[in-house]
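Here's the letter readout for the chains.
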Amino acid sequence: MNKKNLQNILETNHRQKDFYNSNKKNKKNLPTKIWSGIRNGILSNFRNQFDIKKRVYSQHKIWLGDLTHKKVLDLGCLRGNALSIYIAKNSKEYIGIDLSDVAISDLDKKLKKENCENSKAIAIDFLSPDFKETDFDIIYAYGVLHHFEDFDILINKLKEKLNHKGKIISYDPLQTSRPIKIIRAIYRPFQSDKDWEWPFNKKVLQKIKSNFKILDKKGILGKSKYSILINLIPISKSIKEKIIKNYIEKDWSLKDIEDAYNCMHLTLYLENN
């Protein structure tokens, strides 16, 4: 492991912690707010309209399976994601970690309120030597793995923390399609959280393919991202929905990881090998 790169990431993560701990209204600059507005506005509304977000979480539950005898790490969970309490209630042992001690304090309160036994919330850096927990059956990482600039360091740490045949469930943005790559390139110089935002490129996806067994994969917002424009075409609502749903299914039903290159997001079910 490159110690210099690791130290740089740890320093970046400290800034990231301060960012997420801050309650300042201006912590995001205007370009970042605009992109967040598009991502959490138009695109989020589209995902909700066609139950894409709900479908992702439902798929994650399937991948999680029977948690009765599983030790689960909820990586970068902030205050708790949509499945944190579900995982905590059903697993043999649950550990939720995040850089933000403020967020983790909130998660800890939720876990206690829900009487989640054998669960704990820890404010710690996943890469820090102070995080000594290992032998996880599952690492659940929703919107987290793309926060690591040096992906080789992350891969080594994931393998170190997983047990033999341990699983990873992830969900991350991509910058593999040309239109998105161009948009992100224009936006990135002005992005306030760019130091820890590294959407997966083709090289990273190939590293994942080389280091883990891909048990399943689902693409989101590939051809279907252009469906936002289809809504503007003066044709019947039923025809529009039929076209859009067809695109969504094509994005979702990936045969190979390379088929995800056109997508904006990708969720993966991986096995340690």
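A. Here's a closer look at the packing of helix H6 (residues 151–161) against helix H8 (residues 202–211). Contact pair H6 / H8: the axes reach a minimum separation of 11 Å and the direction vectors enclose 25°. Classed by the angle they form, the pair H6 and H8 counts as roughly parallel. Relative to H8, H6 is oriented so that their crossing is right-handed. Taking contact as the criterion, the partners of Phe151, Asp152, Ile155 and Lys159 in H6 are, on H8, Val204, Lys207, Ile208 and Asn211.

B. Expanded view of the environment of Cys77. Structurally, the position occupied by Cys77 is in the loop between strand E1 (71–75) and helix H4 (84–90). For Cys77, a relative accessible area of 3% translates into the label buried. Taking the C-alpha atoms as reference points, Cys77 and Tyr142, separated by 65 residues in sequence, lie 7.5 Å from one another.

C. Highlighting the sheet that holds strand E2 (residues 93–98). Ordered by their spatial adjacency, seven strands build an open sheet running E3-E2-E1-E4-E5-E7-E6, and the pairing between neighbours is mixed. The sheet terminates laterally at strand E3 (119–123) and strand E6 (212–220), the two strands that pair on one side only. Taken over all neighbouring pairs, the strand axes of this sheet differ in orientation by 15° on average, direction set aside. Judged from the six bridges that link them, strand E4 (residues 136–142) and strand E5 (residues 162–173) form a sheet pairing that is parallel. Looking at E5, one finds that Tyr142 is bridged to Tyr171. Running over the sheet, helix H3 (residues 52–64) touches E4, E5, E6 and strand E7 (265–272) and is turned about 160° from E6.

D. Quick peek at helix H7 (residues 178–187). Turning to H7, its buried residues are Ile180, Arg184 and Tyr187. The arc that holds the buried residues of H7, viewed along the axis, is 65°, so those residues lie on one side. In H7, the exposed positions that point more than 90 degrees away from the buried face belong to Arg178, Lys181, Ala185 and Ile186.

E. Geometry of the packing of aromatic side chains. Inspection of every chain in the model, using the stated rule, returns nine aromatic pairs. Taking the centre distance of 5.2 Å and the plane angle of 65° together, the rings of Phe19 and Trp196 count as edge-to-face. Here the residue Phe19 occupies a position in helix H1 (residues 3–21), and Trp196 occupies one in the loop between H7 and H8, the gap between them amounting to 177 residues. A single burial state applies to Phe19 and to Trp196, both of which are buried. For the ring pair Phe126 and Phe131, a centre distance of 6.2 Å and an interplane angle of 50° mean the geometry is tilted. The two residues Phe126 and Phe131 agree in class, both being buried. Members of the aromatic cluster, each reached through a chain of ring pairs, are Phe19, Tyr20 and Trp196. Above the ring of Phe212, the side-chain terminus of Lys159 is found at 4.7 Å from the ring centroid.

Calculation rules
Residues numbered from 1 in each chain as written. Predicted model: local features only at pLDDT ≥ 70, side-chain atom pairs only at ≥ 80, totals over all residues. Heavy atoms only, no water. Axes fitted to C-alpha atoms, helices over the stretch in contact; angles between N-to-C directions. Helix = DSSP H or I, 4+ residues; strand = E, 2+ residues; numbered from the N terminus. Parallel < 35°, antiparallel > 145°, perpendicular 65-115°, else oblique. Left-handed = near helix turned anticlockwise from the far one by under 90°. Contact = heavy atoms within 4.5 Å. Buried < 20%, exposed > 50% of the residue type's maximum accessible area, 1.4 Å probe, protein only. Pairing = 2+ DSSP bridges. Arc of directions from axis to C-beta. Phe/Tyr/Trp six-rings, centres within 6.5 Å; stacked < 30°, edge-to-face > 60°. Lys NZ or Arg CZ within 6 Å of the ring centre and 35° of its normal.

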